[in-house]
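A closer look at the structure
So you can see what is in the structure, the chains are spelled out below.
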Amino acid sequence: VLMRPTVWGAGIGLVNRISVQTPLVIAAAVRRRRALMVGDQHRCRAVFSHVHIEDLARLYDILLERVMRGLDVPHGERGFLFAEAGEFAWAEYYENIASALYERGRIGSRELATLSIKEAADELCGGSEHHAEILFAAK
């Protein structure tokens, strides 16, 4: 089992080449003319792991190569692998988006509006609290 944290960077695949969260957050901020964050300050100040898409892809390559060569790959109780390259806080992410949009004149203030998971589901995820939880509040 390969456990991955928040993945960042531009992908080169056929499907998802950019973040899921970022375009949703930016579009909502521009629509509202105010930046937002999902969840309370306490949760948003918590630190989460991240990994760049190219590093994660390379890890998949290494694991696949090892399997194809018949080399040992941890499995069973030892088969939980964690991919991570650093840490970030969602609060900083939201603040950076707010600053970038404000500096470009797309929103009127750097101040963040706070959305609950239910509000994020309605505004950003087509009403799905499950998706809002996964995209914006996973720990």
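Because the structure is a prediction, the values reported are computed rather than measured.

Quick notes on the rules
Residues numbered from 1 in each chain as written. Predicted model: local features only at pLDDT ≥ 70, side-chain atom pairs only at ≥ 80, totals over all residues. Heavy atoms only, no water. Phe/Tyr/Trp six-rings, centres within 6.5 Å; stacked < 30°, edge-to-face > 60°. Helix = DSSP H or I, 4+ residues; strand = E, 2+ residues; numbered from the N terminus. Buried < 20%, exposed > 50% of the residue type's maximum accessible area, 1.4 Å probe, protein only. Pairing = 2+ DSSP bridges. Expected span 1.5 Å × (residues − 1).

Tallied over the entire structure, the rule returns 5 aromatic pairs. Taking 6.2 Å as the distance between ring centres and 40° as the angle between the ring planes, the aromatic pair formed by F48 and F88 counts as tilted. Placement of the pair is F48 in strand β4 (residues 47-52) and F88 in strand β6 (residues 86-89), with a sequence separation of 40 residues. Taken individually, F48 and F88 each receive the classification buried, so the pair is uniform in this respect.

Right, let's get into the pairing of β4. Where strand β2 (residues 6-8) lies against β4, 3 bridges are found, and the strand directions are parallel. Looking at the pairing, T6 lines up with H50 of β4.

A rise of 1.5 Å per residue sets the reference length of helix α3 (residues 53-69), with its 17 residues, at 24 Å; its end C-alpha atoms lie 24 Å apart and thus fit the reference within 8%. Two residues or fewer after α3 comes G70, characterised by a positive phi angle close to 75°.

None of the figures reported here should be taken as evidence of function without further support.
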